[in-house]
Amino acid sequence: MSTHESSVPSSKPFVLLGSGFSKAVFSGMPTLAELSSMVLQRLQLDPNVLQPFAGDLEQWLSFLSTDQPWLDDFENLNNRSLFLRASSAVKEAIDQSEKGALAGPYPAWLKRLVISWCAEGATVVTFNYDLLIERITTELGMTRSWADLYRMPLADRSTSFRSGGMLARATPPGSVLSLLKLHGSTNWGYAGMNTTTGDAIYLMDSDMRWSEPNQIRPPLPRHEGLYDDLKPMIVPPTGTKNLYYSSSGLRAQWRKAREALQNASTVTLIGYSFPATDLAARHFFAGDVPKVPVTVVDRNPGVEASVVALVGSNPRVSSFSGDDAIQRYVSSTCGDVLQWDADHGNAGFVPWVELNGVKRTAPGGKIDSRDDAKVKAGSLALEELASLNLNSHEFHIDEDKAHWPALNTAYRRRSAAVTDGSE
């Protein structure tokens, strides 16, 4: 006879992301206003179509997704058809913008922030559809599979054909963040608006790094048509999302998000302003915020007042605002990330130290060939580098002690040390 013991979830940081976060990562990621223009252009619709809705894409999509009592069946079906086309246009616009972000390097603050989230086991709840968080987490080697990030039942139609799928056995090398995507994701697929409660949500693409292009499966005959019957699991920013929430998998995500919020040690909101039309998000957040510090990170200084209006004065609310809000937030809360390694070139292995994305290379220093194998094997600790025959053999030790005297030198090469920010 087995017994089930209930346990109280541990308190961990709770982070809520909106479109302003992705905009800070890459300026070409769209805000809601910019997304409106992109969607209407793809649908070849006149912008005046939004005039009855005060120019608000959310209100328009909410209208289209809900049967109106004064319209006949044909008109309501026509609206729902336009709603589905608009949903696909949202995915296309996000995919196109994401390609622009991936064409260049990621910002240094993003690396520092994501490593901090993983170290703390943070729950990251996002209303964004893009894959920027997944890609940077894989790029940094924090996980081998996106299945380690998602906290919902996702199905995979071809785990036997590839590695790293939902049933992959490899475990993350260390702690990793939890990612809850409450409005869906561009790499999830489902049966459509007429889905039943138990219908699966499928993981259509996974495990890509920052610079790899979006590609749903390699171009093999076995993969042709694999997802042709599915629609993208994109829940547009409507005020009434009940048509989409018939999915038990999507509802499970919301329940996990609520549990994480209720047990949060801290709450951080980045780039999300709780628009009046997103009723589900407003009601979700307002009812369950614990009495813990709440931090608002947004370019718009007025967002703090909106959050206070939602949660009251019980939680202590502070904010970072302005164009550099997220950079200042990361600098003040995430500590430092120190990495070291040695690059191979014509002159041999040249040591370097990188602190918070700023890289310093030993001037003229190189490692003798007799130590090359040891470097390649990754078995050098920071202290060992000082004993090698380097022209600048004190470089690594001097650099790390100058910036971080308490660093644990047992970390191996290509490791990242997350600190509390004190010097």
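Residues numbered from 1 in each chain as written. Predicted model: local features only at pLDDT ≥ 70, side-chain atom pairs only at ≥ 80, totals over all residues. Heavy atoms only, no water.

### Thoughts on the pattern of salt bridges
Thought 1: Evaluated as defined, the whole model comprises 9 salt bridges.
Thought 2: The partner of Arg-42 in a salt bridge is Glu-92, and the shortest N-O contact between them spans 3.7 Å. Taken as a pair, Arg-42 in helix H2 (residues 32–43) and Glu-92 in helix H4 (residues 73–102) lie far apart in primary sequence, 50 residues in all.
Thought 3: Residue Glu-92 is classed as partly exposed on the basis of its relative accessible area of 44%.
Thought 4: In this structure, Arg-299 engages Asp-323 in a salt bridge whose closest nitrogen and oxygen atoms are separated by 2.9 Å. Of this pair, Arg-299 sits in the loop between strand S9 (294–298) and helix H9 (303–311) while Asp-323 sits in the loop between strand S10 (317–321) and helix H10 (325–333), placing them 24 residues apart in sequence. There is no split in this pair, since Arg-299 and Asp-323 are both exposed. (Salt bridge = Lys/Arg side-chain N within 4 Å of Asp/Glu carboxyl O. Helix = DSSP H or I, 4+ residues; strand = E, 2+ residues; numbered from the N terminus. Buried < 20%, exposed > 50% of the residue type's maximum accessible area, 1.4 Å probe, protein only.)

### What to know about helix H5 (residues 108–120)
Thought 1: Spanning 13 residues, H5 covers 19 Å between terminal C-alpha atoms, matching the ideal 18 Å at 1.5 Å per step.
Thought 2: Among the 13 residues that make up H5, 10 are buried, leaving the element largely enclosed by the rest of the structure.
Thought 3: Of all the residues in H5, the buried ones are Trp-109, Leu-110, Lys-111, Arg-112, Leu-113, Val-114, Ile-115, Ser-116, Trp-117 and Cys-118.
Thought 4: Following H5 by one or two positions, Gly-121 adopts a phi angle in the positive range, close to 65°. (Expected span 1.5 Å × (residues − 1).)

### Topic: the nonpolar core
Thought 1: Ranked by size, the top nonpolar core spans 47 residues in total, and within it Phe-21, Trp-117, Leu-177 and Ile-270 carry the most contacts.
Thought 2: Looking at this core, the elements with two or more residues in it are strand S1 (14–17), helix H1 (19–25), H4, H5, helix H6 (132–139), strand S5 (184–190), strand S6 (201–203) and H10.
Thought 3: The leading source of residues in this core is H5, at 7 residues.
Thought 4: Beyond its immediate sequence surroundings of up to four residues, Leu-177 is in contact with Val-114, Trp-117, Cys-118, Ala-122, Val-124, Ile-133, Thr-137, Asp-148, Leu-149 and Arg-151.
Thought 5: Counting residues in hydrophobic clusters, the runner-up holds 27 residues, among them Leu-16, Phe-127, Ala-260 and Val-303. (Core = buried A, V, L, I, M, F, W, Y, C linked by side-chain atoms within 4.5 Å. Contact = heavy atoms within 4.5 Å.)

### Observations regarding a negative patch on the surface
Thought 1: A grouping of Asp-67, Asp-72, Asp-73 and Glu-75 is seen on the molecular surface, where their side chains present a negatively charged patch.
Thought 2: Residue placement: Asp-73 occurs in helix H4. (Patch = residues over 30% accessible without salt bridge, like charges linked within 9 Å, V, L, I, M, F, W, Y side chains within 5 Å. Areas by Shrake-Rupley, 256 points an atom, 1.4 Å probe, with all protein chains shown as cover. Lys, Arg positive; Asp, Glu negative; His and termini not counted. Charge placed at Lys NZ, Arg CZ, Asp CG, Glu CD.)

### Quick look at the sheet that holds strand S4 (residues 178–181)
Thought 1: Read from one edge of the open sheet, 6 strands run S4-S2-S1-S8-S9-S10, paired in parallel fashion. The open sheet has two edge strands, S4 and S10, and neither has a second partner. The sheet shows a mean angle of 15° between the axes of neighbouring strands, direction not considered.
Thought 2: The pairing of strand S8 (residues 267–270) with S9 spans 4 bridges and is classified as parallel. Considered in S9, the bridge of Ile-270 is made with Val-297.
Thought 3: Running at roughly 125° to S4, helix H7 (residues 248–262) makes contact with S1, strand S2 (123–126), S4 and S8 of the sheet. (Pairing = 2+ DSSP bridges. Axes fitted to C-alpha atoms, helices over the stretch in contact; angles between N-to-C directions.)

### With respect to the side chain of Lys-181
Thought 1: Mapped onto the fold, Lys-181 is located in strand S4.
Thought 2: Among the residues examined, Lys-181 registers a relative accessible area of 1% and is labelled buried.
Thought 3: If sequence neighbours within four positions are ignored, Lys-181 has contacts with Thr-126, Asn-128, Tyr-129, Asp-130, Leu-131, Glu-134, Tyr-150, Trp-188, Leu-250 and Gln-253.

### Some remarks on unusual backbone geometry
Thought 1: In this structure, Gln-44 is a non-glycine residue whose phi angle is positive, near 55°.
Thought 2: You can see Gln-44 is positioned in the loop between H2 and helix H3 (57–65).
Thought 3: Among the residues examined, Gln-44 registers a relative accessible area of 72% and is labelled exposed.
Thought 4: A positive phi is found at Ala-54, a non-glycine position, where the angle reads about 55°.
Thought 5: Its relative accessible area of 73% is what places Ala-54 among the exposed residues.

By themselves, these observations are geometric and do not establish any function.
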